[in-house]
Amino acid sequence: MTKVVAVTGNEAVANAFRQIEPDVCAAYPITPQTELMQRFAAFVSNGQVRTEMILVESEHSALSACVGAAAAGGRVATATSSQGLALMWEILFIASGLRLPIVMPVVNRALSAPINIHCDHSDAMGARDSGWIQLWSENAQEAYDNTIQAFRIAEDMNIRLPVMICYDGFIISHSIERIEYLDDDVVKNFVGEYKPLYPLLDVENPKSYGPLILTDLYHEVRKAHSEVYKKVPKVVIEVAKEFEKISGRKYELFENYRLDDAEIGIVILNSAAGTTKDLIDEYRDRGVKVGLLKPRLYRPFPYEEVGNALKNLKVLCVLDRADAFGGSFGPLYLDIAASLCNFSQKPILINRIYGLGGRDFMPEHAAEVIEELKDIAKTGKITKLKEYIGVRE
Amino acid sequence: MIGWKDIPPGMVILEAGSASKIKTGSWRAAYRPKWIEENCIQCLLCWLFCPDNSVKVKDGKRGEFDYDYCKGCGICALECPGKKGNKAIVMEEEVK
Ligand code: SF4
Ligand code: SF4
């Protein structure tokens, strides 16, 4: 029996943690993640879970403790945002390099300076090549569902990689939505009992984590590591199919929204995809062939599938909620452009930066983009490849 | 040397004590410790402080240095109290 509740995104993810009951959770509070960990810490204090909660003095220590606990042989989770993720930077690569299946919600928030507590994607985008799998979530339901699936994906014996679940700070983390909770035992059965690989606490079989590997072997170690990511999409799809059986909710590598016969396309992540879909429906009613692609598995990025889904469009705007200062384009744009570059037939591409530091992405912004794409489709002329939208002159 | 297909997940090493196969003493650069037995009071501080397990002890008695793993850091020489102000460990220039 699913239970329908009205909760915040953070509350939903904390409930997923309660249902999964990791062995160890080491975390440090940071807005807008704080509410999630505060709620989970309450479950620990009230004896609702037997998780070992380690309260540390920084995010660097939080993830370091998670690395130790995961190598010891435990199911491990943490969560962070913004500066906290930035402070974890060094350890992110150690967690992935050691193949430790740590699960970490990242409640997306802008980076300093200037200091800002609201949503954009610059935190998780900065960590996109750290070797963590990234699942992005449009709303609280997706954040809850992705968190449950993340444990299965991370812990798959062919993968054993850490996973971030990204969802928008405040917009999703602190807004109350209608959520369907699965039953506790259904979630527990779905994630199953934790099976450690090479646990350090198995003292009968001593082992060494993190050896020094120099010029004669490092290159081979990294090649072997890069091969693992090729196995991830298949596992993500398998886990999604099983999740559909218990939830009735369907997940794929990305959401294809009215894209199949579209001429005009938009690629956008997370909560702003919801707003954009409403506008797409309005334009479709007026006969404009517009569709949307919302990435879910952003790392590893499914280039081939994304390229095939977009190649027949005439024009395409990639909307980034993060800038790449001094670089060419926003991070999402670069991945989409790379997905399309080897097709002989491909759309004209533009990049728009929106919503930094929690600036609202309004229906009129989506409309502005669609209008511009209509013009480009008609004239073939681009005024600007990359530009900010919703910015005061 | 193994190829990439034989790399274990996370490069975790499952063979216990395999570090002994790598003779890190070859990294020693300029100096090596020398034990002067007549100045030794058998306090075993050198054994306690050595970061590389390179002071050998047998039957509770100070033995020779293990130059296969000694990195020549000089910690043992610094800590050694010796006898009446005469050190039982001195650092000598490495002869190649
Ligand atoms: S020089 Fe350093 S490594 Fe060598 S025996 Fe002395 S303390 Fe140990
Ligand atoms: S520290 Fe010096 S005196 Fe003490 S056991 Fe070692 S060599 Fe001998």
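Residues numbered from 1 in each chain as written. Chains lettered and ligands numbered in written order. Predicted model: local features only at pLDDT ≥ 70, side-chain atom pairs only at ≥ 80, totals over all residues. Heavy atoms only, no water.

**Q** Outline the confidence of the model for chain A, supporting the account with residue identities and numerical values.
**A** Taken as a whole, chain A shows an average pLDDT of 98; of its residues, 100% reach a score of 70 or greater. Model confidence for chain A, summarised as mean pLDDT per element, is weakest for strand β15 (residues 386-388) of chain A at 97 and strongest for strand β6 (residues 133-137) of chain A at 99. (pLDDT = per-residue confidence, 0-100. Helix = DSSP H or I, 4+ residues; strand = E, 2+ residues; numbered from the N terminus.)

**Q** Summarise helix α8 (residues 218-228) of chain A; cite the residues concerned and give the values.
**A** Residue and element names in this part refer to chain A. Among the residues making up α8, those that are buried are Val221, Ala224, His225, Glu227 and Val228. Summarising the axial view, the buried residues of α8 lie within an arc of 160°, below the 170-degree limit, and thus occupy one face. Buried residues belonging to α8 abut α4 (82-97) and α9 (232-247). (Buried < 20%, exposed > 50% of the residue type's maximum accessible area, 1.4 Å probe, protein only. Arc of directions from axis to C-beta. Contact = heavy atoms within 4.5 Å.)

**Q** Residues and numbers for the pattern of salt bridges, please.
**A** The full count for this structure, using the stated rule, is 33 salt bridges over all chains. With its nearest N and O atoms 3.1 Å apart, the salt bridge here joins arginine 249 of chain A to glutamate 180 of chain A. With arginine 249 of chain A in the loop between α9 and β9 (254-257) and glutamate 180 of chain A in strand β8 (residues 176-181), this pair connects stretches of sequence that are 69 residues apart. The class for arginine 249 of chain A is buried, based on a relative accessible area of 14%. The partner of lysine 23 of chain B in a salt bridge is aspartate 68 of chain B, and the shortest N-O contact between them spans 3.7 Å. Pair noted here: lysine 23 of chain B is in the segment before β1 (31-35) and aspartate 68 of chain B is in the loop between β3 (61-65) and α2 (75-79), with a separation of 45 residues, a long-range link. For lysine 23 of chain B, a relative accessible area of 47% translates into the label partly exposed. For aspartate 68 of chain B, a relative accessible area of 35% puts it in the partly exposed group. Among the charged side chains, a network of salt bridges with common partners joins Glu138, Glu142, Glu255, Lys277 and Lys294 of chain A. (Salt bridge = Lys/Arg side-chain N within 4 Å of Asp/Glu carboxyl O.)

**Q** Would you mind going over α9 of chain A in detail, with residue names and values included?
**A** Residues and elements named next belong to chain A. Helix length check: α9, at 16 residues, gives a terminal C-alpha distance of 22 Å against a target of 22 Å (1.5 Å per residue), a fit within 8%. For α9, the full list of buried residues reads Val232, Pro233, Val235, Val236, Val239, Ala240, Phe243 and Ser247. For α9, the arc enclosing every buried residue in end-on projection is 155°, short of the 170-degree limit, so these residues lie on one face. Turned more than 90 degrees from where α9 packs its buried face, Lys234, Lys241 and Lys245 sit exposed. (Expected span 1.5 Å × (residues − 1).)

**Q** Residue-level account of the packing of aromatic side chains, with values.
**A** Residues and elements named next belong to chain A. Here the structure, examined in full by the defined rule, presents 12 aromatic pairs over all chains. Through a chain of ring-to-ring contacts, the aromatic side chains of Trp136, Tyr298, Phe301 and Tyr303 assemble into a single cluster. Over the aromatic face of phenylalanine 43 sits the side chain of arginine 18, whose NZ or CZ is 5.8 Å from the ring centroid. (Phe/Tyr/Trp six-rings, centres within 6.5 Å; stacked < 30°, edge-to-face > 60°. Lys NZ or Arg CZ within 6 Å of the ring centre and 35° of its normal.)

**Q** Go over the packing of helix α6 (residues 140-155) of chain A against helix α7 (residues 184-191) of chain A, please, and point to the residues and values.
**A** Residue and element names in this part refer to chain A. Closest axis-to-axis distance for the α6/α7 pair is 9 Å, and the angle between their directions is 25°. Taken together, α6 and α7 sit at an angle that is classed as roughly parallel. Note on element contacts: α7 touches α6 through Val187, Phe190 and Val191, opposite Tyr144, Ile148, Gln149, Phe151, Arg152 and Glu155. Each residue belonging to the contact of α6 with α7 can be placed in one class, and the counts come to 6 nonpolar, 1 polar and 2 charged. (Axes fitted to C-alpha atoms, helices over the stretch in contact; angles between N-to-C directions. Parallel < 35°, antiparallel > 145°, perpendicular 65-115°, else oblique. Nonpolar A, V, L, I, M, F, W, Y, C, P; charged D, E, K, R; others polar.)

**Q** Provide a residue-level description of the layout of surface pockets, including the pertinent values.
**A** Of the voids in this model, the largest pocket is the one considered here, and its volume is about 870 Å³. Together, 23 residues line the largest pocket, and Leu212 of chain A together with Ile13, Ser18, Ala19 and Ile22 of chain B are the ones closest to its centre. For the lining of the largest pocket, the per-class residue count stands at 14 nonpolar, 4 polar and 5 charged. Its boundaries defined by the atoms lining it, the second largest pocket holds a volume of some 500 Å³. Considering the residues around the second largest pocket, the lining is formed by 26 residues, among which Gly97, Val221 and His225 of chain A together with Gly10 and Met11 of chain B are closest to the centre. Looking at the lining of the second largest pocket element by element, the count peaks at 7 residues for α8 of chain A. Grouping the constituent residues of the lining of the second largest pocket by class yields 16 nonpolar, 5 polar and 5 charged. (1 Å grid on protein atoms, 1.4 Å probe; cavity = no way out; pocket = protein on both sides within 12 Å on 5 of 7 lines; lining within 4 Å. Points joined across faces, edges and corners; volume = space filled by probe spheres on them.)

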